[in-house]
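Coordinates in review
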Amino acid sequence: MDMVNHIYPFTAIVGQDRMKKALILNVINPLLGGVLIRGEKGTAKSTAVRALAELLPEREMVEGCMFGCAPWDGGLLCGSCTERLEKGEKLKVCSSKMRVIDLPVSATEDRVVGTLDIGHAIKKGEKKFEAGILAQANRNILYVDEVNLLDDHVVDVLLDCAAMGVNTIEREGISFTHPSRFILVGTMNPEEGDLRPQLLDMFGLVVDVVGEKETARRMEVIKRRLEFERDPAAFAVKFEGSKQQLSDRISGASHILNNVSYDDKILELAARISIETGVDGHRADIAMIKTAMTIAAFNLRKDVTEKDLLEAAELVLPHRMRRRPFEDGVMEFSKIENIMNTVM
């Protein structure tokens with residue numbers, strides 16, 4: 001049995017459809033703002049995120065760049081790539097798959113942001129940077145298991161990075177900046193503590209997961225897990241076809257995403273839902289439209305429908321609605337359906 005080198009296939013996970021869809025939507029559209037998955041232990045949260053790695057698409061990057069800079073995006077190149085371009089050098093391009101980068105809860109600030117060799121700077125008069133997790137995470141998925149247990153200073157670093165799209169390290173009057181744009185995916189068990197509101201607001205989508213309630217589905221979970229543990233390689237082969245199908249669908253959706261459109265009725269609906277549910281600011285409206293567009297693309301359509309918006313609201317609103325004292329934060333979805341019936 002060699003489970004170390006085998007990942008449980010994404011398409012073998014029984015149920016948890018909303019969680020799987022939220023992850024897939026973020027792969028199709030990295031601008032959705034990531035996803036927070038909340039739920040009890042043993043509900044395949046971490047399994048789904050790690051399995052997602054096999055579905056991630058290839059993208060172009062500058063060959064040899066430690067930050068994986070996008071060669072076509074001059075505004076987000078690192079200092080080294082910019083300098084090479086200014087010298088008239090042509091940047092070589094290669095392809096590589098997006099990756100899932102782990103951020104352990106126990107990671108120190110230096111491990112997260114990277115370090116500067118001050119001795120080297122004094123002796124040689126040049127900056128020497130040792131990459132941290134945020135450098136690896138650029139243009140990839142940054143995964144934090146038990147994200148609610150992160151130290152406050154690491155949370156502050158993540159908030160700064162998310163706001164600016166860059167990571168800045170300052171030591172002894174020397175500073176170094178590099179691009180750090182990532183899809184943040186967090187998992188947590190609410191029984192172990194809440195998330196800081198500022199960090200919660202960083203997530204574009206939120207999904208609450210619970211264990212399966214149907215006997216047949218629970219039996220299928222047991223059967224598949226034991227089969228995987230018995231022979232991981234053979235088990236993975238069984239799901240190779242469905243994995244490839246999903247991968248192709250994600251690729252197709254990514255290609256048509258920029259051509260997806262919506263009309264004013266959809267915009268009005270998003271605005272009305274946000275007003276009626278009492279969310280703060282305008283972030284929810286924008287996130288709803290972006291998510292609905294991505295759902296339409298995933299269904300290989302170029303027009304957003306009310307059903308897309310309804311599905312988007314389920315993912316976008318749970319952590320943005322105001323809670324009254326003693327409320328458990330569970331969204332009353334019938335309220336949103338009533339709003340839709342009124343507007344349409």
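Rules of the game
Residues numbered from 1 in each chain as written. Predicted model: local features only at pLDDT ≥ 70, side-chain atom pairs only at ≥ 80, totals over all residues. Heavy atoms only, no water. Salt bridge = Lys/Arg side-chain N within 4 Å of Asp/Glu carboxyl O. Helix = DSSP H or I, 4+ residues; strand = E, 2+ residues; numbered from the N terminus. Buried < 20%, exposed > 50% of the residue type's maximum accessible area, 1.4 Å probe, protein only. Core = buried A, V, L, I, M, F, W, Y, C linked by side-chain atoms within 4.5 Å. Domains from an automatic or database assignment. Contact = heavy atoms within 4.5 Å. Pairing = 2+ DSSP bridges. Axes fitted to C-alpha atoms, helices over the stretch in contact; angles between N-to-C directions. Patch = residues over 30% accessible without salt bridge, like charges linked within 9 Å, V, L, I, M, F, W, Y side chains within 5 Å. Areas by Shrake-Rupley, 256 points an atom, 1.4 Å probe, with all protein chains shown as cover. Lys, Arg positive; Asp, Glu negative; His and termini not counted. Charge placed at Lys NZ, Arg CZ, Asp CG, Glu CD. Parallel < 35°, antiparallel > 145°, perpendicular 65-115°, else oblique. Left-handed = near helix turned anticlockwise from the far one by under 90°. Nonpolar A, V, L, I, M, F, W, Y, C, P; charged D, E, K, R; others polar. Buried area = accessible area lost by both parts, 1.4 Å probe. Polar contact = N/O pair within 3.5 Å; in protein donor to acceptor, adjacent residues only side chain to side chain. pLDDT = per-residue confidence, 0-100.

Right, let's get into the pattern of salt bridges. Enumeration over the complete set of coordinates arrives at 18 salt bridges. With a closest N to O distance of 3.0 Å, D156 and R196 form a salt bridge. On the criterion of sequence distance, the pair formed by D156 in helix α7 (residues 152–164) and R196 in the loop between β10 (183–188) and α8 (197–200) is long-range, its members being 40 residues apart. D156 gets classed as partly exposed once you look at its relative accessible area, which sits at 35%. Overlapping salt bridges, with partners in common, bring together D152, D156 and R196 in one network.

Once that is clear, we can look at the nonpolar core. One finds F10, L23, L309 and L317 to be the most contacted residues of the largest nonpolar core, which totals 63 residues. For this core, the two domains that each supply at least three residues are domain 1 (34–39 + 99–209) and domain 2 (258–343). Apart from the residues lying within four places of it in its own chain, the contact partners of L309 are I266, L269, A270, I273, M288, I289 and A292.

Looking now at the sheet that holds strand β11 (residues 205–209). Strand order in the open sheet formed by five strands is β4-β7-β10-β1-β11, and the pairing between neighbours is parallel. Strands at the two margins of the open sheet, each flanked by one partner only, are β4 (100–102) and β11. Averaged over all adjacent pairs, the angle separating strand axes in this sheet is 20°, with direction ignored. Examined bridge by bridge, strand β1 (residues 35–39) and β11 share five bridges and lie parallel to one another. When the bridges of β11 are listed, G39 appears paired with V209. This element, helix α1 (residues 17–28), spans β1, β10 and β11 of the sheet and lies at about 155° to β11.

Together, D263, D264, E268, D303 and E306 line one region of the surface with negative charge. Within the secondary structure, E306 is located in helix α14 (residues 306–316). Here E306 falls in the partly exposed class, since its relative accessible area comes to 36%.

Think of two packed helices as two axes; the pair is described by the angle between the axes and how far apart they sit. Contact geometry for α1 and helix α11 (residues 240–256): axes closest at 9 Å, N-to-C directions at 50°. Regarding the angle of α1 to α11, the classification is oblique. Crossing geometry of α1 relative to α11 is assigned as right-handed. Listed contacts from α11 to I24, V27 and I28 of α1 are L246, I250, A253 and S254. Of the residues belonging to the contact of α1 with α11, the class tally is six nonpolar, one polar and no charged.

Segmenting the chain into domains produces domain 1 (34–39 + 99–209) and domain 2 (258–343). Between the C-alpha centres of domain 1 and domain 2 there is a distance of 29 Å. With eight residues of domain 1 at the interface, the matching set in domain 2 holds eight residues. Buried surface at the junction of domain 1 and domain 2, summed over both partners, amounts to about 680 Å²; 50% is from carbon and sulfur atoms. A per-residue breakdown of the area domain 1 buries against domain 2 is headed by D201, L205 and V206, which together make up 58% of the total. For the pair domain 1 and domain 2, the number of links is one salt bridge. Residue D201 is joined to R283 by a salt bridge in which the shortest nitrogen-to-oxygen separation is 2.4 Å. At the junction of domain 1 with domain 2, the criterion picks out five residue pairs in polar contact (both at pLDDT 80 or more). Take the side of domain 1 that touches domain 2: its biggest share by element is three residues, from β11. Within the side of domain 1 that touches domain 2, the residues separate by chemical class into five nonpolar, one polar and two charged.

Averaged over all residues, the pLDDT of the chain equals 87, while 93% of them reach at least 70. Least confident of the elements in the chain is helix α15 (residues 333–343), whose mean pLDDT is 68; most confident is helix α13 (residues 283–298), at 95.

A few words on the side chain of N26. Within the secondary structure, N26 is located in helix α1. Among the polar contacts listed, one links the side chain of N26 to the backbone oxygen of A22, at a separation of 3.0 Å. Polar contacts involving the side chain of N26 include one to the main-chain amide nitrogen of G34, which spans 2.9 Å. Setting aside residues up to four positions removed in sequence, N26 forms contacts with L32, G33, G34, V35, I183 and L205.

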